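The primary structure of each chain is shown beneath.
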Amino acid sequence: GPELNLYDKSHHNRRAELQVSDSGPSLTLYDENRKKHIALFSNKIGQGLNVYDAKGKVRAAMAVDKDGPNFRLLDETGKVIWSALPTAPEAKEEKK
């Protein structure tokens, strides 16, 4: 799909990418070393935000999908070290 890339003054380092694919739009921000820093997306599954470390690995992920909101923290290997999943059934009953 269509894509818009923004580069730094040197014109060699992509710093932002706005993309629209068949699954939905996304915005990705990069550091001066071309590593991802933040990715914001909205697709058929849900919406979310990923935050990357200096090595370009996802370290925090937040999303809202059909099951509700969720938040995960990951270690340098990608293993989930903490998560908050959708609320318990009794909390959903309060919405009625």
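Before going into details, it helps to say that this report is about the structure given with it. (Residues numbered from 1 in each chain as written. Predicted model: local features only at pLDDT ≥ 70, side-chain atom pairs only at ≥ 80, totals over all residues. Heavy atoms only, no water.)

### Some words on the overall build of the chain
Across its full length, the chain carries one helix and eight strands. Along the chain, helices (α) and strands (β) appear in the sequence β-β-β-β-β-β-β-β-α when read from the amino end. For the chain, with 96 residues in total, the buried portion stands at 23%. Summarising the internal contacts of the chain: among those between residues at least 6 apart in sequence, 1% fall at separations of at least 24. Per element, the accessible surface of the chain, about 7,200 Å² overall, is 58% carbon and sulfur. (Helix = DSSP H or I, 4+ residues; strand = E, 2+ residues; numbered from the N terminus. Buried < 20%, exposed > 50% of the residue type's maximum accessible area, 1.4 Å probe, protein only. Contact = heavy atoms within 4.5 Å. Areas by Shrake-Rupley, 256 points an atom, 1.4 Å probe, with all protein chains shown as cover.)

### Side note on the sheet that holds strand S8 (residues 80–84)
With antiparallel pairing, the eight strands of this open sheet are ordered in space as S1-S2-S3-S4-S5-S6-S7-S8. In the strand order of this sheet, the two ends are held by strand S1 (3–7) and S8, each with one partner. Averaged over neighbouring strand pairs, the angle between their axes works out to 10° when direction is ignored. Sheet topology places strand S6 (residues 58–65) next to strand S7 (residues 68–74); six bridges connect them, and they run antiparallel. (Pairing = 2+ DSSP bridges. Axes fitted to C-alpha atoms, helices over the stretch in contact; angles between N-to-C directions.)

### Some points on the side chain of Thr28
With respect to the element layout, Thr28 can be found in strand S3 (residues 24–30). With residues up to four places along the chain from it excluded, the contact list for Thr28 reads Arg15, Ala16, Glu17, Lys36, Ile38 and Ala39.

### Points about the pattern of salt bridges
Where charged atoms from two side chains of opposite charge come close, those side chains can pair. Per the counting criterion, the structure on display carries four salt bridges. Of the charged contacts in the structure, one is a salt bridge between Asp53 and Arg59, with a shortest N-O distance of 3.2 Å. Ionic contacts of the salt-bridge type, sharing partners, join the residues Asp53, Arg59 and Glu76 into one network. (Salt bridge = Lys/Arg side-chain N within 4 Å of Asp/Glu carboxyl O.)

### Quick word on the pairing of S6
Pairing of strand S5 (residues 46–52) with S6, which is carried by seven bridges, proceeds in the antiparallel orientation. By the bridge assignment for S6, Leu49 is matched with Met62. Between S5 and S6, which pair antiparallel and follow one another directly, the connecting turn spans five residues, one of which, Gly56, has a positive phi of 85°. A loop of two residues connects S6 with S7, the two strands running antiparallel in sequence.

By themselves, these figures tell us nothing about what the structure is for.
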